Amino acid sequence: MFCPFIALAANSLTQMDNLIGRKIAIVVGHEPGGGAEGERSFNMSLSVIMRNRLVSSGADVYIHHHKIRSYGARQDAMRDAVNDNMPDCDVCVELHFNSYDKEAAHGHEFLYNGSKALAEAFRDEFQASFPWSTARADDGIKHTPTGRGSGFLRKAPAWAVLVEPFFDSNKKEHDYFTGRQTCLAETYCEGLDTFFYGSK
C-alpha cells in the first residue's frame, strides 16, 4: 500500500484477517538511557495507533515502556513483562528511528536475529509504502546477533524485529515522517499480517 501525504481514510484500510487471535507485543524505544531527541514520544504515539489498528483486526496487543537505564537490565525487564502480560506471545516489535551526527545519513533498516521472514515482511511493506526511501545495507534488513539492538532481539520471548524506518537527523526524512505515525502504523500492521500469512 502506497502511503499518501493525506491521512488514511477508514474505509480504505486493508482487511487483515491473518491477525485474528495473534498475540503481539509492542516495545516503545527510546529513553531511558539514550536515543534521539523526541524518539520516545514519537514511538509512544505510534504504538497506540498500531495497537488500535491491530485490536480492530482481531489481535491481542501489549505495549511495553522501558523504565530502566541499564541496557541489559532493561531487556530482562522487557522479557519478564511480556511473559507476564502476554504469555505465548507470537511477535515482539521494538519501535525506533535512527539519528546520526552527519545529516547525510539516511534510509531504513529492519533488524532481526531469529526470523528473517519477519524482517523481510516489514521491509517489503515499508518499501511499498515509501518507495522513495533508500535501504541501508543488506537491502534494508540486517541480521543482528550482536551489537546495536541485539539485546532486545535475543531477550524477546517471541519472534522479534527492531524497526529503524528513517534518520531523524536527516532533514528530508525528519520533515516527511513528522506527524506520519498513522502511515507507519498501517505499514507495520500490514507487515505483521503478511508475516502471519506466510507462517500458516
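Let me sum up the structure you'll find in this document. (Residues numbered from 1 in each chain as written. Predicted model: local features only at pLDDT ≥ 70, side-chain atom pairs only at ≥ 80, totals over all residues. Heavy atoms only, no water.)

Taken as a class, soluble globular proteins show a tendency for nonpolar side chains to be buried jointly. Formed by 38 residues in total, the largest nonpolar core has its most connected members in Met50, Leu54, Phe122, Leu184, Tyr188 and Leu192. Broken down by element, the residue count for this core peaks at eight residues, all from helix 6 (residues 181-198). Discounting residues that sit within four places of it in the chain, Tyr188 has contacts with Leu46, Met50, Leu95, Phe110, Phe122, Val163 and Pro165. Within the second largest apolar cluster, 15 residues are counted, among which are Tyr62, Ala81, Ala156 and Ala160. (Core = buried A, V, L, I, M, F, W, Y, C linked by side-chain atoms within 4.5 Å. Buried < 20%, exposed > 50% of the residue type's maximum accessible area, 1.4 Å probe, protein only. Helix = DSSP H or I, 4+ residues; strand = E, 2+ residues; numbered from the N terminus. Contact = heavy atoms within 4.5 Å.)

Turning our eyes to something else, we now look at unusual backbone geometry. Phi is positive for Asp88, which is not a glycine, with a value near 60 degrees. Within the secondary structure layout, Asp88 lies in the loop between helix 2 (71-85) and strand 3 (91-95). For Asp139, which is not a glycine, the phi torsion comes out positive at approximately 60 degrees. With respect to the helices and strands, Asp139 occurs in the loop between helix 3 (116-129) and strand 5 (141-143).

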